[in-house]
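Examination of the molecular architecture
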Amino acid sequence: MSVLVMKFGGTSVGTTDRIKRAAKRVGREVANGHDVIVIVSAMSGKTNELVGWVDETSPLYDAREYDAVVSSGENVTAGLMALTLQEMDIPARSWQGWQVPLKTNGAHGAARIESIPTANLDARFADGMKVAVVAGFQGISPEGRITTLGRGGSDTTAVAFAAAFGAMRCDIYTDVDGVYTTDPRITSKARKLDRIAFEEMLELASLGAKVLQTRSVELAMRYKVKLRVLSSFDEYDETAGTLVCGEDEIMENNVVAGVAYSRDEAKMTLISVADRPGIAAAIFGPLAEAGVNVDMIVQNISEEGRTDMTFSCPVDQVKRAAKAMEDAKQRGEINYHDLVADTEVSKVSVVGIGMRSHAGVAARMFKALRDENVNIKVITTSEIKISVLIDRKYMELAVQALHDAFELEKAR
Ligand code: ADP
Ligand code: ASP
Ligand code: MG
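These figures come from a predicted structure and were not determined experimentally.

Calculation notes
Throughout, a residue's number is its position along its own chain's written sequence, starting from 1. Here every chain gets a letter starting at A, and every ligand a number starting at 1, in the order they are written. In keeping with the model being predicted, local features are shown solely for residues with a pLDDT of at least 70 and side-chain atom pairs are shown and tallied solely at 80 or more, while totals for entire chains, interfaces and linings include all residues. Computation of side-chain values: all heavy atoms of the structure, hydrogens and water removed. For each residue, the test is whether any non-hydrogen atom lies within 4 Å of the molecule or strand; if one does, the residue is near. Under this definition, polar contacts are N or O atom pairs within 3.5 Å; protein pairs additionally need one hydrogen-donor-capable and one acceptor-capable atom, and for neighbouring residues in sequence, both atoms have to be side-chain atoms. Here the Shrake-Rupley method, with its probe set to 1.4 Å, supplies the accessible areas, and only the displayed protein chains count as covering residues. Each residue is assigned to one of three groups, with Ala, Val, Leu, Ile, Met, Phe, Trp, Tyr, Cys and Pro labelled nonpolar, Asp, Glu, Lys and Arg labelled charged, and all others, Gly among them, labelled polar. Pairing of aromatic rings covers Phe, Tyr and Trp, the last through its six-membered ring, and needs centres within 6.5 Å; plane angles under 30 degrees mean stacked, over 60 mean edge-to-face, and all others mean tilted. When a residue's accessible area, from a 1.4 Å probe over protein chains only, is under 20% of the maximum for its type it is buried; when over 50% it is exposed; and in between it is partly exposed. Numbering of helices and strands starts at the N terminus; helices are DSSP runs of H or I of at least 4 residues and strands are runs of E of at least 2. Here, a salt bridge means any Lys or Arg side-chain nitrogen found within 4 Å of an Asp or Glu carboxyl oxygen. The pairing criterion is simple: DSSP has to find at least two bridges between the two strands. UniProt positions are given in the numbering used here, feature names are shortened, and annotations may be inferred rather than shown by experiment. In what follows, a contact means two residues having at least one pair of non-hydrogen atoms within 4.5 Å.

**Some words on the site of ligand 1**
Around ligand 1 sit 16 residues, and of these T174, D175, Y180, D183 and R185 come closest. Contacts to ligand 1 include K7, whose side-chain N or O atom sits 3.1 Å from an oxygen atom. Take D175: an N or O atom from its side chain is 2.8 Å from an oxygen atom of ligand 1. Protein chains shield 90% of the accessible area of ligand 1, which is 570 Å² for the free molecule. The residue inventory of the shell around ligand 1, partitioned by class, reads six nonpolar, five polar and five charged.

Shown next as structure tokens:
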């Protein structure tokens, strides 16, 4: 029997009517002869609400309790989806992460999947169950505590199940009809791509395109999962959506595949730290331990043995980062005059495999930003991407300007 994994995101299960609509789609795949594993997100807005309650209650919260709270949204939709399928006379039941069990490490709030034993679900499928509805985003740690996989983690649950069960495909149903050249909410010139290479999708996701969680793309790439992104609202057809696939399955790459942004970034500068061997380790060690996701790093030229060190991180980690730095200062591990946080910045990036073989992409990017009078605060590059940190008020403008500069409205 061939297994198909279908994942429905928050908007696609946002009301009981939408759950019915999604269930009909599942019913069609059951009629096509598949055993289906349905992965559901929480209803749209629910996880944000739960996160808000945790923040209100305890700003520097215990991550184990954070997970206990924020994982609960998915439990509701999993049960409702199973009930809806049963109402349609389709044999279905729901599973929470721990019941499968989806085993993770103990990194609460951003846990990594370690294994998914298939025996429990296999036994039920052998018994005549047609659909296993699994709560996305959640798992169980070696200590037996509930974990979550990081925001957007249901995508990763879906791909991991597809890999574990050798699924014929993993379909990610969402509120857009595929992967676009940039977020279609930012410019109406964004174009849907028929195909995108794993490497490009991986970069776009990690640089902020939240249509797929980064880990899900990593897993799909590693386990060669056939991954498709499509709309749960449009009429279905076999060629719908975007296929995320190997580079070799794409005829010709555009130089730039897409533009990504990450709106809520912060730029933090430690003013006047001693420029000595080990200073970077003394700064970034405690930040890592505090769970701060440091992204860009710039160390200035030093004068009289002292230098400024700048790094970027998500804006909601600024408090954590500042505390880690103050604590390290108290312990005498680092010394600085001041810590300045600019919490009004965003990161904008262009991504494309074609950059490997085309020169001048950076120059074109910087020129497009100059023409709009957008000042660049920090730049980082890798083989297939260029990122800049800019004032948040120019973020939309920058994305649109870059989309135009690389003629992405002509992409397919
Ligand atoms: P779900 O709740 O289904 O997981 P998400 O909100 O996590 O959906 O992801 C879908 C959203 O991702 C879209 O509504 C869109 O605004 C955004 N997005 C950002 N970049 C892109 C892109 N390049 N292509 C498509 N959607 C994108
Ligand atoms: N509900 C979780 C979130 O909003 C997981 C997901 O939807 O993928 O982040
Ligand atoms: Mg998502």
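Back to the text.
**Some thoughts on the packing of aromatic side chains**
The tally for this structure, following the rule as stated, stands at four aromatic pairs. A centroid spacing of 5.9 Å and a plane angle of 5° characterise the contact between F161 and F165, whose relative ring orientation is stacked. The exposure classification of F161 matches that of F165, with both residues buried. Centre to centre, the rings of F284 and F311 are 5.8 Å apart; their planes meet at 80°, and the pair counts as edge-to-face. Here F284 is found in helix α9 (residues 279–289), whereas its partner F311 is found in strand β15 (residues 306–314), with 27 residues between them in sequence.

**Examining the pattern of salt bridges**
On inspection of all chains with the given rule, the structure shows 25 salt bridges. Between D155 and K7 there is a salt bridge, with its nearest N and O atoms 2.7 Å apart. Of this pair, D155 sits in helix α6 (residues 154–164) while K7 sits in strand β1 (residues 3–8), and the two are 148 residues apart along the sequence. Side by side, D155 and K7 carry an identical accessibility label, which is buried.

**Points about the pairing of strand β17 (residues 378–382)**
Sheet topology places β17 next to strand β18 (residues 385–391); five bridges connect them, and they run antiparallel. Across the sheet, residue I379 finds its bridge partner in β18, namely V388. Following β17, the chain reverses through two residues before pairing antiparallel with β18.

**Digging into the UniProt feature "domain: ACT" (unreviewed entry) in the protein**
What UniProt calls "domain: ACT" (unreviewed entry) maps, in this numbering, to residues 268–348 and 350–412. The distance from the first to the last C-alpha atom of residues 268–348 is 18 Å, and the span holds 30% helix and 37% strand. With 35% helix and 22% strand, residues 350–412 has end C-alpha atoms that lie 17 Å from one another.

**Here's the deal with the site of ligand 2**
Taken together, the residues surrounding ligand 2 are S41, A42, T47, E74, F137, R151, G152, G153 and S154. In this structure, an oxygen atom belonging to ligand 2 sits 2.8 Å away from a main-chain N or O atom of G152. One nitrogen or oxygen atom from the main chain of G153 is found 3.4 Å from an oxygen atom belonging to ligand 2. Taken by itself ligand 2 offers 260 Å² of open surface, and the protein chains cover 87% of this.

**Structural notes on the side chain of H34**
Relative to the assigned elements, H34 resides in the loop between α1 (16–31) and β2 (35–40). Residue H34 is classed as buried on the basis of its relative accessible area, which comes to 12%. Of note is the side chain of H34, whose polar atom sits 2.8 Å from the side chain of S2. Apart from the residues within four sequence positions on either side, H34 is in contact with S2, L4, E29, K130 and M168.

**Considerations on unusual backbone geometry**
Residue P101 is reached from V100 by a cis peptide bond, and omega for that bond is -5°. Of note, S272 is a non-glycine position whose phi angle comes to about 60°, a positive value. Along the polypeptide, S272 turns up in strand β13 (residues 258–274). The buried category is assigned to S272, whose relative accessible area is 12%.

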